[in-house]
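Structure assessment
Given next are the chains, with one letter for each unit.
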Amino acid sequence: MPRAIISPSVLASDFGQLSAECKRMIKGGAEWLHMDVMDGHFVPNISMGAPVLSCVYKGVPGIFMDCHMMVAQPEKWVNDIADAGGSLYCFHIEATSDAVSLINAIHARNMKAGVAISPDTPSTAITDEIGAAADMLLVMTVYPGRGGQKFIERCVPKVAELRARFPEKDIEVDGGVGPKTIDVCADAGSNVIVAGTAIFNAPNPEDVITSLKATVNTAQARFSK
């Protein structure tokens, strides 16, 4: 089973101090930073794009930017995000008609490729071919486009279905995840945890990161038996 990775969602950070906020998370034990890129088309909100990511990349040496592309034409932005320093490019399967070609284009720019599914999309939309080609699979546990939503528990069985098919793949959950909802995600087989307000708004973010990671590691140990 893959290892536990915590990816704090910068959507919950103070955008006026974005680089400092990312450094604060890394100091607290975060390995990845989850960067929500929204275009106002695929989702109604607009957040950040390549110019902002580029500034963060320059300001935070060695940062692993887990770029969640909530965009209508994910093929269009691969080069821009790669040039900005993106480490992982995760697109929504609902936004493309040729996921495998897009994954190949992402890999050609030396980024990891992720495939995301929204709450109303079944896990079977990620075919064996797509799942095998991707580096990470993302199960949204809220509707994409806004932070601070309530966790949708009916999405959790999709994590378990994907874990059964892809035992060695990174599987991420994103949306409403925190200390109260981590157990069901970890028990279903998720190893990459995105959390926003639960980490950024905590008095001691490092304690939350440590706790989330420990819960995943405990669940992973059960899987490996």
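Residues numbered from 1 in each chain as written. Predicted model: local features only at pLDDT ≥ 70, side-chain atom pairs only at ≥ 80, totals over all residues. Heavy atoms only, no water.

1. Some thoughts on helix α1 (residues 18-27)
- Of all the residues in α1, the buried ones are Leu 18, Glu 21, Cys 22 and Met 25. Down the axis of α1, the sector holding all buried residues measures 100°, keeping them to one side.
- Positive backbone phi, at 110°, marks Gly 29, one or two positions downstream of α1. (Buried < 20%, exposed > 50% of the residue type's maximum accessible area, 1.4 Å probe, protein only. Helix = DSSP H or I, 4+ residues; strand = E, 2+ residues; numbered from the N terminus. Arc of directions from axis to C-beta.)

2. Considerations on the nonpolar core
- Judged by nonpolar contacts, the single largest core of 64 residues is most densely connected at Leu 53 and Val 115.
- Ranked by residue count, the leading element in this core is helix α9 (residues 205-223), at five residues.
- Grouped together as the second largest cluster of nonpolar side chains are 11 residues, Cys 90, Ala 116, Met 136 and Leu 138 included. (Core = buried A, V, L, I, M, F, W, Y, C linked by side-chain atoms within 4.5 Å.)

3. Things to note about the sheet that holds strand β1 (residues 5-8)
- The parallel open sheet is built from eight strands, whose spatial order is β1-β8-β7-β6-β5-β4-β3-β2. The sheet is open, and its two edges are formed by β1 and β2 (33-38), each paired on a single side. Put simply, the sheet's adjacent strands are angled 25° from each other on average, direction ignored.
- Two elements, strand β4 (residues 88-92) and strand β5 (residues 112-117), share five bridges in a ladder whose sense is parallel. Across the sheet, residue His 92 finds its bridge partner in β5, namely Ala 116.
- On the sheet, helix α2 (residues 50-59) packs against β2 and β3 (65-70) and is oriented at approximately 175° with respect to β3. (Pairing = 2+ DSSP bridges. Axes fitted to C-alpha atoms, helices over the stretch in contact; angles between N-to-C directions. Contact = heavy atoms within 4.5 Å.)

4. A word on the pattern of salt bridges
- Across all of its chains, the model carries eight salt bridges by this definition.
- One salt bridge in this structure joins Arg 3 and Glu 31, with 2.7 Å as the shortest N-O distance. With Arg 3 in the segment before β1 and Glu 31 in the loop between α1 and β2, the pair connects residues that are 28 residues apart, well separated along the chain.
- Residue class for Glu 31 comes out partly exposed when judged on its relative accessible area of 31%.
- With a shortest N-O distance of 2.8 Å, Arg 165 and Glu 161 are connected by a salt bridge. Here Glu 161 and Arg 165 lie together in helix α6 (residues 156-165), a separation of four residues that amounts to about one turn.
- Classification of Arg 165 by relative accessible area gives partly exposed; the value is 26%. (Salt bridge = Lys/Arg side-chain N within 4 Å of Asp/Glu carboxyl O.)

5. Quick notes on the pairing of β2
- Of all six residues in β2, six are buried, a share of seventy percent or more.
- Where burial is concerned, the two faces of β2 agree: the one with Leu 33, Met 35 and Val 37 and the one with His 34, Asp 36 and Met 38 are both buried.
- Relative to β3, β2 is paired through six bridges, and the arrangement is parallel. Residue pairing for β3: Asp 36 is matched across the bridge by His 68.

6. Considering the packing of α1 against α2
- Between α1 and α2, the shortest axis-to-axis distance is 9 Å and the interhelical angle comes to 55°. One finds that α1 runs oblique with respect to α2. Crossing hand, α1 versus α2: right-handed. Contacts from Leu 18, Ser 19, Cys 22 and Lys 23 in α1 reach Val 52, Cys 55, Val 56 and Gly 59 in α2.
- Residue composition of the contact of α1 with α2, grouped by class: five nonpolar, two polar and one charged. (Parallel < 35°, antiparallel > 145°, perpendicular 65-115°, else oblique. Left-handed = near helix turned anticlockwise from the far one by under 90°. Nonpolar A, V, L, I, M, F, W, Y, C, P; charged D, E, K, R; others polar.)

7. So, the pairing of β1
- Here β1 shows two buried faces, one formed by Ile 5 and Ser 7 and the other by Ile 6 and Pro 8.
- Both β1 and strand β8 (residues 192-195) contribute to a ladder of four bridges, which runs parallel. When the bridges of β8 are listed, Ser 7 appears paired with Val 194.

8. A word on the environment of Gly 145
- Secondary-structure assignment places Gly 145 in the loop between β6 (136-140) and α6.
- As for Gly 145 and Pro 44, which are separated by 101 residues in sequence, their C-alpha atoms are 6.4 Å apart.
- Apart from residues no more than four positions distant in its own chain, Gly 145 is found in contact with Met 38, Val 43, Asn 45 and Met 70.

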